[in-house]
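Residue-level structure breakdown
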Amino acid sequence: MGTWDDGLLDNDTAMDTLGDLGSGVAEDVLELGQKKPGSETTAQLAAAVGVLLQLSSYPFDTETDTGPRIMKALRHHGEEIAKLPPGAREALEAVAEGRGVELADRPGEMTPELAGLLRKGSEEAPFGKRVPELFGPSAAAYVQKVADRCVELVREDFEDEDTWSDLCREGMGMGALAALLVLEPCKVSVDELGEWRRMAQEGLARLVEEDDEELSFHRGYYANLDAVFAALEKRFA
C-alpha cells in the first residue's frame, strides 16, 4: 500500500502495478515448475524464482494459494536443482522448504539516495536481495522477458498525454519503472528512456503553467522521477 508521499512507490497505483508484476512472475514460476525438469528449464525456473525474490514476498507465503504450489514446483525439479551451484541450490531448497518469505524479505543493495527516490525518507531498498547464483547463463532471456513487460507498462503511460502531468496518480507503469533499477541482466533502450524523461518534464511544465494547487507536491514527485530516469540512463548506457 502506498503512503502518498512523493517517492515513486509512495502511491497505490505504482504499488498495485508492482504487485501485478510480481504475480506475473509467480505464474511463470508455476508454469516452468510444471515442465519436464532439465538443465535449461530448471535454470529458467531458478531465474524466475530469483526475480520473484526481488519483487515480492507475498507469493511465497505458505498461507496463500501460490506458496505451496511454488514449493511443489521446486520439489518437482529437485534432481536438477541438486546439480546447480551451491548458492542457487541452497536458495531454491530453502524456498521448497517454505522459507521463501524469509529470503524475499531481506532488503536488496541500493544506495540510500536511490532508495529515497522510491520511498521518501527511506534508506532501505524496497526490493528483495538478489541471489546472483540463481541467474546462470540461461537467465538472461527470462530476465529480459520481465524487463520487457516493465517497458511495455511504462510505454503505455506515455501514450496518453493526459497521464504525463499526473503520473503520481495515473502512472500505472511507475512501479515497473522502479523495478528496472534492480532487474539484471537485461537491456533497456536509453533513447526510449530519454524520450520518457522529456515527456515527464513536459508534464510538469503543464502543471506549472496551470498553477496546479498541488504544485509543490508534483515538483517533488517529478524531481524524484527525473532522478530515477537519470539513474536508469546511466545504468543502461
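Quantities reported herein were computed from a predicted structural model and do not represent experimental measurements. (Residues numbered from 1 in each chain as written. Predicted model: local features only at pLDDT ≥ 70, side-chain atom pairs only at ≥ 80, totals over all residues. Heavy atoms only, no water.)

With respect to the packing of aromatic side chains
By the definition in use, this model includes 3 aromatic pairs. Considering the side-chain rings of F158 and F229, the 6.4 Å spacing of their centres and the 55° angle between planes classify their relative orientation as tilted. One end of the pair, F158, is in the loop between α8 (139-157) and α9 (161-164); the other, F229, is in helix α13 (residues 215-236), and 71 residues separate them in sequence. Judged by its relative accessible area of 5%, F158 falls in the buried class. A relative accessible area of 0% places F229 in the buried class. (Phe/Tyr/Trp six-rings, centres within 6.5 Å; stacked < 30°, edge-to-face > 60°. Helix = DSSP H or I, 4+ residues; strand = E, 2+ residues; numbered from the N terminus. Buried < 20%, exposed > 50% of the residue type's maximum accessible area, 1.4 Å probe, protein only.)

Structural notes on the packing of helix α1 (residues 12-34) against α8
As a packed pair, α1 and α8 sit with axes 12 Å apart at the nearest point and diverge in direction by 150°. Regarding the angle of α1 to α8, the classification is roughly antiparallel. Crossing of α1 against α8: the hand is right-handed. The segment α1 lies against α8, with T17, L21, G24, V25 and D28 engaging Y142, K145, V146, R149, C150 and L153. The residue inventory of the contact of α1 with α8, partitioned by class, reads 6 nonpolar, 2 polar and 3 charged. (Axes fitted to C-alpha atoms, helices over the stretch in contact; angles between N-to-C directions. Parallel < 35°, antiparallel > 145°, perpendicular 65-115°, else oblique. Left-handed = near helix turned anticlockwise from the far one by under 90°. Contact = heavy atoms within 4.5 Å. Nonpolar A, V, L, I, M, F, W, Y, C, P; charged D, E, K, R; others polar.)

Quick word on the nonpolar core
Judged by nonpolar contacts, the single largest core of 80 residues is most densely connected at F127, F158, L177 and L225. Ignoring any residue separated from it by four or fewer positions in sequence, one finds F127 in contact with L9, L18, Q54, L55, R106, P107, G108, M110, L118, A178, A179 and V182. (Core = buried A, V, L, I, M, F, W, Y, C linked by side-chain atoms within 4.5 Å.)

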